[in-house]
Every structure is written in C-alpha cells, then in structure tokens.
Amino acid sequence: MKTKLNSRQIAIVLSGGGVRAMMFHLGVLRYLANAQALESVNRISTVSGGSLLVGLILKECDYRWPNSDEFLAKVYPALRKKLCAKSLQWGAARQLLRPWNWRYLLSRSNLLAKALRDEWGVTAKLSSLAGTPEWSINGTTAETGRRFRFKHNSLGDYMLGYAIPGDFPLANAMAVSAAFPGGFGPLSLDMEDFEWSKRPEWNSPPESAQATKIGYRRLHLYDGGVYDNLGMEPFFDAGRAIPKPGVEFILVSDAGAPLTPGFSHFSLNPWRLKRVADIMSDQARALRVRTFMNYLNQDATRGAYVYIGIPAAKLCANGTQPADFPTTLRRVTTEEFDRIANHGFAVTCASQELS
C-alpha cells in the first residue's frame, strides 16, 4: 500500500552515527524533498550526527525549516560542499590552539560547540528557533541516566524537570547531542542558570508544573546515543508499542553502524570493555527496532524504518557497505558523500512503497 507522504503529518527521526549519519540522512531527506513532503514534516527528533545535520540545515535557511524545492536547490548542494571541505572534529581540535580553551580538554563538547559557532556559523539561540517543526535535540543526563532533551521552549529531563532555555546557544545543544564518551563530552550545565519546574506525573498537564529544586549544582550531558541512538522516544512509546499523542506518521532514518563480529583474546586489551558496551548498546537498539517494526507490520501506513545496513544500490568503491563507514566527524570526499547519500535515497525507495 502506498502512502502519500505530502498528505500526512510526518515525524522524522534521525539517528546518530557521526558524519556517516549526516550523509545518509541527507539522502533520506532528498527523497522526501523529491516527493514534495518536507512541508509535511511537523516534528523532528535527532541524536548526535542527526542533530548536527538539522542544525546545519536550519543555519542554511536563516534558522527555519526549508521547503522541498529550497532543500534540493540550495541546502543539499551547500552541505555537500561543506562536509567535503571542512572537518567538524578538526575544527574542535583547533579550538585548543587558544590557551583559554585548554580548560575544556576534558569536556570537549564545549570545543565542538565553539567550532560550530566560529567555523560553521551556528550562532542562533535555542529559543530563537521556530516552533514548527518542533525539534527535539536529544542528549543523556549522566546524573539520572535519562534522556535530556532540548527544544526551542524548554530543556531538561522528566526526572529532574524542565526550564526555559533563555540564551542557551543552539551550538551547545547540538554539541551535547554529539558528545559521545571517549570522543566528545560531556558538556557541563550550571543549574543556577535556569529556573526549574516539574509536573507531579510525567503525563500531567503542563499547567500543573510547579517550581522545583534540582539536587545537583551541575549536570553532565552526554551524547543522546548513550540513552537511545535512534531518538524514537519522543514519538513512540516502545513499552506499549503505540505512537505518542498527536503523532501520525513516523519515519525513522537509522544510520547506526551494525555490530561487527570478532573479539580480541588478548587479556589486557582495553577494547574488550568497549566490545561489551557495544553489545549492550546493540541489543537495546534492536529491542526498540523490533517493537517499532512490529507496529509497522500491523499497518504499513503508520510509518517507515530506513536502515543504512539494508543492501541497496552499489557497494562503496573500496568494496565495503556504507554502514561500514566509521563513526567520525572528519571531512569526507565527494565520492564518499555521494555514495552514502545516494544509498540513503535508494534505501528509502526500497524500504517502503512511498510516494
């Protein structure tokens, strides 16, 4: 059964995965633009590379969501050119050439935020973003282990409470979402900079919120992928296998790298612990995907799941699948960009009968 995308209200989910995810998601969004469906996007949830991408898309359009023709004519070629010319990770590293930034050596998401502002021109405040589409930028609160989300009108997690962003920079929210442990992170948030409120229950009406005190002087925020690398939670209740209220059609673009086989037998190998963490993360992701796929199998018009690991189109020039591209924020070649972005477009075509 075909789904007329430009007649539906679409909630899009863009996973983490560094620049690999950015390229793949651009291919998925190009498919939506070709279907004249970007105008139907009313909600966005992003993690890591997905958050970096949406922030850069908005920057290209004076911080508003592009229409389909504008995306194809302006945004897509501009980001192709920039991702093939500049490196986010080296931009962050260059911030250390300034001695006053050395204090961020152990909190490197601050360096990424500075690179986004200084080299990529992301200067907007979170509160200046438009409310439509509603964008949830997902991080992870180290203190509570819960999803910390940024929106144009609030930030926080459901255990701690929420606050108005005020002058909080968009670049910082994007950097938090990409602050993967061992690479970037965490970003430290001073609680006294905000006034916090909390509802009695998570599903209580907004007007029931009351002022609350946070039990921490500072919060430490990591990559949203630590909690959920897909970013589906804002739109889909995995426990009950139903969409959240007001969500009509969910398109999940998953650029997460598959778990590769193999294990080192060298007893002192520090990568053994990383392997265990990767297995746990892969299983958590798999459970979310299985629940969502079961939901789609009951009615294919409810949404779509687009996965980078699905074979479609050609292999990369070196014989590897696009999913094998490393999770990095380095500069890419035009060949790498076109292969992975075109793969995203092709997989979207192949995964569902969308029009």
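Preceding this paragraph is the structure being described.
Treat the numbers as computed from the prediction; the structure is a model and nothing was measured. (Residues numbered from 1 in each chain as written. Predicted model: local features only at pLDDT ≥ 70, side-chain atom pairs only at ≥ 80, totals over all residues. Heavy atoms only, no water.)

(A) Expanded view of the overall build of the protein. Assigned secondary structure in the protein consists of nine helices and 14 strands. The C-alpha radius of gyration of the protein comes to 20 Å, within 12% of the 20 Å expected for a compact globule of 355 residues. With the principal axes as the frame, the protein shows a C-alpha extent of 50 × 50 × 45 Å. Sequence-distant contacts, at least 24 apart, represent 73% of the contacts inside the protein between residues at least 6 apart. Computed over 42 positive and 31 negative side-chain charges, the separation of the two mean positions in the protein equals 4 Å. (Helix = DSSP H or I, 4+ residues; strand = E, 2+ residues; numbered from the N terminus. Rg over C-alpha atoms; globule rule 2.2 N^0.38 Å. Contact = heavy atoms within 4.5 Å. Lys, Arg positive; Asp, Glu negative; His and termini not counted. Charge placed at Lys NZ, Arg CZ, Asp CG, Glu CD.)

(B) A look at the environment of Ser68. With respect to the helices and strands, Ser68 occurs in helix α3 (residues 68–83). Accessibility expressed as a relative area gives 0% for Ser68, which makes it buried. Along the chain, Ser68 and Arg330 lie 262 residues apart, while their C-alpha atoms are 28 Å from each other. Contacts of Ser68, omitting those with residues within four sequence positions, involve Leu32, Ala33, Gln36, Ala37, Leu38 and Glu39. A polar atom in the side chain of Ser68 sits 3.4 Å from the backbone nitrogen of Ala37. Among the polar contacts made by the side chain of Ser68, one reaches the side chain of Glu39 at a distance of 2.7 Å. (Buried < 20%, exposed > 50% of the residue type's maximum accessible area, 1.4 Å probe, protein only. Polar contact = N/O pair within 3.5 Å; in protein donor to acceptor, adjacent residues only side chain to side chain.)

(C) Up close: a nonpolar patch on the surface. Together, Tyr158, Met159 and Trp202 make up a nonpolar patch on the protein surface, roughly 360 Å² of accessible area in all. For Trp202, the location among the structural elements is in the loop between β8 (196–198) and β9 (210–211). Judged by its relative accessible area of 57%, Trp202 falls in the exposed class. (Patch = residues over 30% accessible without salt bridge, like charges linked within 9 Å, V, L, I, M, F, W, Y side chains within 5 Å. Areas by Shrake-Rupley, 256 points an atom, 1.4 Å probe, with all protein chains shown as cover. Salt bridge = Lys/Arg side-chain N within 4 Å of Asp/Glu carboxyl O.)

(D) The arrangement of the state of the cysteines in detail. One pass over the structure, following the stated rule, counts zero disulfides. Counting only cysteine sulfurs, Cys84 is the nearest neighbor of Cys61, a cysteine outside any disulfide, at a range of 19 Å. (Disulfide = S-S within 2.5 Å.)

(E) The arrangement of the pattern of salt bridges in detail. A complete count under the given rule lists 15 salt bridges for this structure. Where Asp228 meets Arg288, a salt bridge forms, and the shortest distance between an N and an O atom there is 3.5 Å. You can see Asp228 sitting in helix α7 (residues 225–228) and its partner Arg288 sitting in helix α8 (residues 271–298), a full 60 residues away along the chain. Take Asp228: its relative accessible area is 4%, and that puts it in the buried class. Between Arg339 and Glu335 there is a salt bridge, with its nearest N and O atoms 3.0 Å apart. With Arg339 and Glu335 both in helix α9 (residues 334–351), this residue pair falls four residues apart, about one helical turn. Residues joined in a network through salt bridges with shared partners are Asp254, Asp282 and Arg285.

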